[in-house]
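Okay, here's what each chain looks like letter by letter:
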Amino acid sequence: MKANLPGRGPHWGRLRKTSGQQNRVLSVLNDLIRVNIDRITAYEKAAHEEMSSGPEIRDVFYRLATDSRSYVNDLHAEVIRMGGAPVTQSTIAGKLYLHWLNGKVNFDGETLVSRCAACVHGEELIQQVYRHALDSGALPRNLQDLVERQLWSLERARERLVKVVGETGDKDRG
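Residues numbered from 1 in each chain as written. Predicted model: local features only at pLDDT ≥ 70, side-chain atom pairs only at ≥ 80, totals over all residues. Heavy atoms only, no water.

### Comments concerning the packing of helix α2 (residues 20-49) against helix α3 (residues 55-81)
Here is the rule we go by: All axes are obtained by fitting lines to C-alpha atoms, using only the stretch in contact for helices, and the reported angles, taken between N-to-C directions, cover 0 to 180 degrees. Strands are runs of DSSP state E lasting at least 2 residues, helices are runs of H or I lasting at least 4, and numbering of each runs from the N terminus. Any angle from 65 to 115 degrees is called roughly perpendicular, while one under 35 is roughly parallel, one over 145 is roughly antiparallel, and all others are oblique. Put simply, a crossing is left-handed when the front helix is turned counterclockwise from the back one by less than a right angle, and right-handed when it is turned clockwise.
Contact geometry for α2 and α3: axes closest at 8 Å, N-to-C directions at 160°. Viewed along their axes, α2 and α3 adopt a mutual orientation that is roughly antiparallel. Here the hand of the crossing between α2 and α3 comes out left-handed.

### Digging into the nonpolar core
Under the convention used in this document: The set of buried Ala, Val, Leu, Ile, Met, Phe, Trp, Tyr and Cys residues whose side-chain atoms join them within 4.5 Å is what this entry labels a nonpolar core. With a 1.4 Å probe rolled over the protein chains alone, any residue whose accessible area is under 20% of its type maximum counts as buried; one over 50% counts as exposed, and the rest are partly exposed.
Counting residues in hydrophobic clusters, the biggest one holds 42 residues, and the most contacted among them are Leu 29, Phe 61, Tyr 130, Leu 139 and Leu 161. Looking at this core element by element, the count peaks at twelve residues for α2.

### Considerations on the pattern of salt bridges
Applicable threshold: Take a side-chain nitrogen of Lys or Arg and a carboxyl oxygen of Asp or Glu: if they are within 4 Å of each other, that pair is a salt bridge.
Scanning the model with the defined rule gives eleven salt bridges in all. Arg 34 is the partner of Asp 31 in a salt bridge, and the nearest nitrogen-oxygen pair spans 2.8 Å. You can see Asp 31 and its partner Arg 34 sitting in helix α2, three residues apart, about one turn around the helix. One salt bridge connects Arg 39 with Glu 123, and the closest N-O pair in it is separated by 2.9 Å. Residue Arg 39 is located in helix α2, and its partner Glu 123 is located in helix α5 (residues 112-135); the two are separated by 84 residues in the primary sequence. Owing to a relative accessible area of 0%, Arg 39 belongs among the buried residues under this scheme. Since its relative accessible area comes to 0%, Glu 123 is described here as buried. Taken together, the shared-partner salt bridges in this structure form one network comprising Arg 131, Glu 155, Arg 156 and Glu 159.

### Overview of the environment of Val 164
Here is the rule we go by: Note on definitions: a residue-residue contact is assigned when non-hydrogen atoms from the two residues lie within 4.5 Å.
Note on placement: Val 164 falls in helix α6 (residues 141-173). Along the backbone, Val 164 and Glu 56 are 108 residues apart, and their C-alpha atoms lie at a distance of 9.4 Å. Among residues more than four places away in sequence, those in contact with Val 164 are Ile 57, Val 60 and Cys 116.

### Digging into the packing of α2 against α5
As a reminder, the rule being used: Charged means Asp, Glu, Lys or Arg here, nonpolar means Ala, Val, Leu, Ile, Met, Phe, Trp, Tyr, Cys or Pro, and polar covers whatever is left, Gly included.
In the contact formed by α2 and α5, the axes pass within 10 Å of each other and the chain directions differ by 170°. Between α2 and α5, the crossing angle belongs to the class labelled roughly antiparallel. Between α2 and α5, the residues in contact are Val 28, Leu 32, Val 35, Asn 36, Arg 39 and Tyr 43 and Cys 119, Glu 123, Ile 126, Val 129, Tyr 130 and Ala 133, respectively. For the contact of α2 with α5, the class distribution of residues is nine nonpolar, one polar and two charged.

Structure, rendered in structure tokens:
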């Protein structure tokens, strides 16, 4: 019988040994965490740099960042529950959303409508990542349900942004 050494509780072996399927699930979850970390960064940057319009657009950006924090927390909990180590920062897999942040959106000198349109494009990119995760076949039913709920919420976020773009465009023309 093995002694329970400090730091080696009954679940210690589970943390070190994972199956190929479990590794695939952990990889998918960590990829989703990464893009959400990027999404938080993008919307916080957008909220801080959007000073020309009223507080309502900044509030939308902050709300979207807060939503992603919630997604990250839920995904972190699942990774930990599975005995994995959740990522805490963006890496290569999160570069898709960082491309949007660094390449597609420049908050200096653009119109609010074009910035919001770029945000809509960013939402479409993150939805693609989520759909890819769902189509991967790696997720067990409970995690597929979680990812589907988050995707549904992301789809609603995109709709909010489209509405903001339309309202902002109407104000600019009026």
